[in-house]
Amino acid sequence: MHFSYLSLIRQAFAANAGWPRQWRDPEPKPAYDVVIIGGGGHGLATAYYLAAEHGIRNVAVIERGWIGGGNSGRNTTIVRSNYLWEESEALYDHALDIWQDLSQVLNYNVMYSARGVLMLAHTVHDVQSSKRHIHANRLFGIDNEWLTPEECKAFCPPLNIAKTIRYPVLGGALQRKGGVARHDAVVWGYARAASGLGVDIIQNCEVTGIRRDASGAIEAVETTRGRIGAKKVGIVAAGHSSVVAAMADVRLPLESYPLQALVSEPLKPIVPCVIMSNTIHAYISQSDKGDLVIGAGTDQYVSYSQTGGLYINNATLEAICELMPTLRRVRMMRGWGGIVDTTPDRSPILSKTPVPGLFINCGWGTGGFKATPGSGHAFAHTIARDEPHPANAAFTLERFRSGRLIDEAAAAAVAH
Amino acid sequence: MLLIRCPYCGERPEIEFRNMGEAHILRPGTDASDDEIADFLYRRSNTKGLIAERWRHVHGCSRFFNAVRHTVTDKFVSIYKTGEPKPDLTALAASLNGVARS
């Protein structure tokens, strides 16, 4: 069904009884041209673009749990592209371009809201590095501008810009095209569009092995629902990338850490934009439902526990209470953890692997949601044509051997 | 927050410690290949299960030590001093499974 004003009216008069399933729930076929391991936003976007742009429709997305139940459903939904290095700017801005009309293309409202991302500076060093980012972004054609403390306050009224607090606001870098999107809608929109083009989405199906033929090339994946033949396999397994890649004897430059987020009780609109702060480690926005969505930090040790230390959330909340004292008495409703796969240079890997027919999309660390459309688009190109898209050409697995890293460690929005 | 037993100071809260990454990674010799250097610098086991890792009691005795921890439960299985040999993680995992079954 095509979603439109007309279909909405029709269903309203039909007591909303005629809405169909959004995507099929097929049994796995014996073999596919491409098998994507991981049914999160990135994996489903990859499958969608394989079908929509490369005519490869004999594709399966295999998901251990339910689609969007991992980091796609656990992130803080922030979208921005103000990265430092040109390689990253190209990749994240490629995604930001796709975000602009994604709802129309997918015929599904992903609720992308360009409400602005304001990254605060609290020290002289912050001011200098923020301005360096702004200049680098503007040279690349990405919008980013400097706001004085008073302009920050005008843009986001609950901010406390008093000079007497421990880390006073000395200014901020504002990307107006940045904002938020609805994470579940992105997953569901891509799933529905991909399924409509013939992609099989297979949930509750865990990959237990990757089979290779005598030449070493990909032949099939073993799953809890049987063996599924595959000419090509794309691993898009986020925190579990190392575990899946190990099934094909590929050792990755990744470490997986718990990253936490939390939401408050719903409030009337109060935070009009996304506020991020590197130095005091806090980021906050308000969802359309009204709850404040707050991102905390990662734990310091490798873990797959999907939970984290409470003291990490406390540090973030203390910072937010000082930045926005009016929120001091707001109650937090829920907190949770997701497992993020971080690379040594804090840049992702979208690449071929040494195994013929095996591709990997991982290493998004603490900030993969914003890149979902661009990641899927570029990775589909890489899989379909056996060569990278210009947007992901630098994000190879090989760079950890050649030493040509893309060091975004200092450019991450918050210090993890 | 984890409760960690420093082999020199006893049990202390996690905030006194700094995790120093995977243990028993040796620097390759001067004739090492690019691949061996990449292994040393960047590639990690990132195991879902038992992992041997280094900790440092930064806000205590400041000394390094090693530990084996399960990365799903975050439970410490073994803590030992730097320089002592790496435990056989496969055997350790098997013995833990045996305990769980009995």
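Residues numbered from 1 in each chain as written. Chains lettered and ligands numbered in written order. Predicted model: local features only at pLDDT ≥ 70, side-chain atom pairs only at ≥ 80, totals over all residues.

A. Representation of the overall build of chain B within the structure. On a plain count of helices and strands, chain B comes out with 2 helices and 6 strands. Reading the secondary structure of chain B in the N-to-C direction produces β-β-β-α-β-β-β-α. Principal-axis analysis of the C-alpha atoms places the extent of chain B at approximately 45 × 35 × 25 Å. Burial statistics for chain B: of 102 residues in total, 19% are counted as buried. (Helix = DSSP H or I, 4+ residues; strand = E, 2+ residues; numbered from the N terminus. Buried ≥ 20, exposed ≤ 12 C-beta atoms within 10 Å, placed from the backbone.)

B. Broad picture of the sheet that holds strand β5 (residues 64-70) of chain B. All names here are of chain B. Taken in spatial order, the 4 strands line up as β3-β4-β5-β6 in an open sheet, and their pairing is antiparallel. Strands at the two margins of the open sheet, each flanked by one partner only, are β3 (18-22) and β6 (76-81). Shown here is a sheet whose adjacent strand axes are inclined to one another by a mean of 30°, direction ignored. For strand β4 (residues 50-56) and β5, the ladder comprises 7 bridges, and the chain directions are antiparallel. Considered in β5, the bridge of W55 is made with F65. (Pairing = 2+ DSSP bridges. Axes fitted to C-alpha atoms, helices over the stretch in contact; angles between N-to-C directions.)

C. Summary view of the sheet that holds strand β16 (residues 332-342) of chain A. Residue and element names in this part refer to chain A. Taken in spatial order, the 8 strands of this open sheet run β5-β6-β4-β13-β14-β15-β12-β16, and their pairing is mixed. Where the open sheet ends on each side, the last strands, each with one partner, are β5 (145-147) and β16. The sheet shows a mean angle of 20° between the axes of neighbouring strands, direction not considered. Where strand β4 (residues 117-121) meets strand β6 (residues 171-175), 5 bridges bridge the pair, whose relative direction is antiparallel. Pairing of L120 across the sheet is with G172, part of β6.

D. Representation of unusual backbone geometry in the model. Its identity as a non-glycine residue notwithstanding, Q306 of chain A has a phi of 55°, on the positive side. Within the element layout of this structure, Q306 of chain A appears in the loop between β15 (291-298) and α9 (310-323).

E. Structural detail: the nonpolar core. Counting 119 residues, the largest nonpolar core has V35 and I37 of chain A as the members making the most contacts within it. Each of domain 1 (26-81 + 83-108 + 183-253 + 345-411) and domain 2 (117-178 + 256-342) of chain A accounts for three or more of the residues forming this core. Excluding residues that lie within four positions of it along the chain, I37 of chain A makes contacts with I62, V207, V221, V233, G234, I235, V236, A237 and V244 of chain A. Within the second largest apolar cluster, 16 residues are counted, among which are V302 and Y304 of chain A together with I51 and F65 of chain B. (Core = buried A, V, L, I, M, F, W, Y, C linked by C-beta atoms within 7 Å. Domains from an automatic or database assignment. Contact = placed C-beta atoms within 7 Å.)

F. Fine view of the domain arrangement of chain A. All names here are of chain A. Domain parsing of chain A yields domain 1 (26-81 + 83-108 + 183-253 + 345-411) and domain 2 (117-178 + 256-342). Each of domain 1 and domain 2 was reduced to a C-alpha centroid, and the two centroids are 28 Å apart. The partner domain 2 presents 25 residues to the 24 residues of domain 1 that form the contact. Sort the elements by how many residues they give to the side of domain 1 that touches domain 2 and helix α3 (residues 86-100) lands first, with 4 residues. For the side of domain 1 that touches domain 2, the per-class residue count stands at 7 nonpolar, 11 polar and 6 charged. (Nonpolar A, V, L, I, M, F, W, Y, C, P; charged D, E, K, R; others polar.)

G. Structural context of the packing of helix α2 (residues 41-54) of chain A against helix α10 (residues 372-385) of chain A. Residue and element names in this part refer to chain A. Remark: α2 packs on α10, axes separated minimally by 7 Å, with the N-to-C direction vectors making an angle of 55°. When the axes of α2 and α10 are compared, the pair comes out oblique. The two elements α2 and α10 cross, and the hand of that crossing is right-handed. Contacts between α2 and α10 involve G41, H42, A45, T46, Y48, Y49, L50, E53 and H54 on the former and, on the latter, T372, P373, S375, G376, H377, F379, A380, I383 and A384. (Parallel < 35°, antiparallel > 145°, perpendicular 65-115°, else oblique. Left-handed = near helix turned anticlockwise from the far one by under 90°.)

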